[in-house]
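Below, each chain spelled out in residue letters.
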Amino acid sequence: MIGEKMIRKAKSNDSEKITRIHINSWKTTYNEFFPEEIFINQHSFLLKKLKIDQEAIEKDNEYHYIVYEENNAILGFACYGKGRGNNYEDKGVKFIQYI
């Protein structure tokens, strides 16, 4: 049986899963470039990142988060918003995407 798949607007209670996906993606991508202790001793960073993501999701003004969900599990997310800088203020930009 194929499970339910959806893309939806993120809710504030999604922020922990979003933060974990983000950090685990960094670990996978950058493990050759940074010492292991950066990833091992990341608890305080995780708490800071969680607070940043949660506030951004709750405010939903400058940055907008969406999640990809499959069988009620969040497997990825993206963040988008207005372009940065004078030349891009009237454009929409995808800032991050992790799966």
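The preceding data block contains the structure.
## Section: the side chain of threonine 19
Inspection of the secondary structure puts threonine 19 in helix α1 (residues 15–30). Assessed through its relative accessible area of 1%, threonine 19 is described here as buried. Apart from the residues lying within four places of it in its own chain, the contact partners of threonine 19 are Leu46, Lys49, Leu50 and Asp53.

## Some thoughts on the packing of aromatic side chains
Enumeration over the complete set of coordinates arrives at one aromatic pair. An angle of 20° between the planes, with centres 6.2 Å apart, marks the rings of tyrosine 65 and phenylalanine 77 as stacked. Taken as a pair, tyrosine 65 in strand β2 (residues 63–70) and phenylalanine 77 in strand β3 (residues 73–82) lie far apart in primary sequence, twelve residues in all. Like tyrosine 65, the residue phenylalanine 77 is buried in the burial classification.

What counts and what doesn't
- Residues numbered from 1 in each chain as written.
- Predicted model: local features only at pLDDT ≥ 70, side-chain atom pairs only at ≥ 80, totals over all residues.
- Heavy atoms only, no water.
- Helix = DSSP H or I, 4+ residues; strand = E, 2+ residues; numbered from the N terminus.
- Buried < 20%, exposed > 50% of the residue type's maximum accessible area, 1.4 Å probe, protein only.
- Contact = heavy atoms within 4.5 Å.
- Phe/Tyr/Trp six-rings, centres within 6.5 Å; stacked < 30°, edge-to-face > 60°.

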